Amino acid sequence: MAVKERVGLVVSDKMQKTVVVAVENRAPHPKYGKIVVKTRRYKAHDEENQCKVGDRVRIQETRPLSKTKRWQVTEILTTKATK
């Protein structure tokens, strides 16, 4: 079975070793055809506390690490300073 990966934006880094990543999904509405944006927020494990708010990161599904944390940060694609 393939490992699930998502790319999203860090919206919170206030927890220790955890970041909240918002992943946008753009899809046309089934009846009306307008592009609808749905946002899903994932809690992801960040071992070194490297991620900051505004960073674009890649997260990967993993075993349950806590009650709500099932993802881990695999790489930081862009940082807020490099935008």
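Coordinates for the structure precede this section.
Residues numbered from 1 in each chain as written. Predicted model: local features only at pLDDT ≥ 70, side-chain atom pairs only at ≥ 80, totals over all residues. Heavy atoms only, no water.

## Points about the pattern of salt bridges
Line of reasoning, step 1. Under the counting rule described, the total for this entry stands at 3 salt bridges.
Line of reasoning, step 2. Close ionic contact of Arg26 with Glu24 constitutes a salt bridge, the shortest N to O distance being 3.3 Å.
Line of reasoning, step 3. As a salt-bridge pair, Arg58 and Glu75 come within 3.4 Å of each other at their nearest N and O atoms. Taken together, the positions of Arg58 in strand S4 (residues 56-61) and Glu75 in strand S5 (residues 71-78) put the pair 17 residues apart, joining distant regions of the chain.
Line of reasoning, step 4. You can call Arg58 partly exposed: its relative accessible area is 26%.
Line of reasoning, step 5. With relative accessibility at 36%, the residue Glu75 sits in the partly exposed group. (Salt bridge = Lys/Arg side-chain N within 4 Å of Asp/Glu carboxyl O. Helix = DSSP H or I, 4+ residues; strand = E, 2+ residues; numbered from the N terminus. Buried < 20%, exposed > 50% of the residue type's maximum accessible area, 1.4 Å probe, protein only.)

## Concerning the pairing of S5
Line of reasoning, step 1. In terms of strand pairing, strand S3 (residues 35-45) meets S5 through 2 bridges, oriented parallel. Residue pairing for S5: Ala44 is matched across the bridge by Trp71.
Line of reasoning, step 2. Note that S4 and S5 share 6 bridges and pair antiparallel. Across the sheet, Ile59 pairs through a bridge with Val73, a residue of S5. (Pairing = 2+ DSSP bridges.)

## Topic: the nonpolar core
Line of reasoning, step 1. Residues Val10, Val19, Val21, Val23, Tyr42, Ala44, Cys51, Val57, Ile59, Trp71 and Val73 constitute the largest nonpolar core, which totals 11 residues.
Line of reasoning, step 2. Sorting the residues of this core by element identifies strand S2 (18-28), S3, S4 and S5 as the ones contributing at least two each.
Line of reasoning, step 3. Here this core gets 3 residues from one element, more than from any other, and that element is S2.
Line of reasoning, step 4. Setting aside residues up to four positions removed in sequence, Ala44 forms contacts with Lys17, Thr18, Val19, Val21, Ile59, Lys69, Trp71, Gln72 and Val73. (Core = buried A, V, L, I, M, F, W, Y, C linked by side-chain atoms within 4.5 Å. Contact = heavy atoms within 4.5 Å.)

## Considering the sheet that holds S5
Pairing between the strands of a sheet comes from backbone hydrogen bonds, and it takes one of two forms, parallel or antiparallel.
Line of reasoning, step 1. Strand order in the closed barrel formed by 5 strands is S1-S2-S3-S5-S4, with mixed pairing between adjacent strands. Neighbouring strand axes in the sheet, compared pairwise and without regard to direction, differ in orientation by 45° on average. (Axes fitted to C-alpha atoms, helices over the stretch in contact; angles between N-to-C directions.)

## Examining the pairing of S4
A regular strand carries its side chains on alternate faces of the sheet.
Line of reasoning, step 1. As paired elements, strand S1 (residues 5-15) and S4 share 5 bridges and run antiparallel to each other. Within S4, the residue paired with Arg6 across the bridge is Ile59.

## Digging into the packing of aromatic side chains
Line of reasoning, step 1. Within the structure shown, the criterion is met by 1 aromatic pair.
Line of reasoning, step 2. On the numbers, 4.8 Å between centres and 55° between planes, the contact of Tyr42 with Trp71 is tilted. You can see Tyr42 sitting in strand S3 and its partner Trp71 sitting in strand S5, a full 29 residues away along the chain. The residues Tyr42 and Trp71 share a single accessibility class, namely buried. (Phe/Tyr/Trp six-rings, centres within 6.5 Å; stacked < 30°, edge-to-face > 60°.)

The quantities given are spatial measurements derived from coordinates; they are silent on function.
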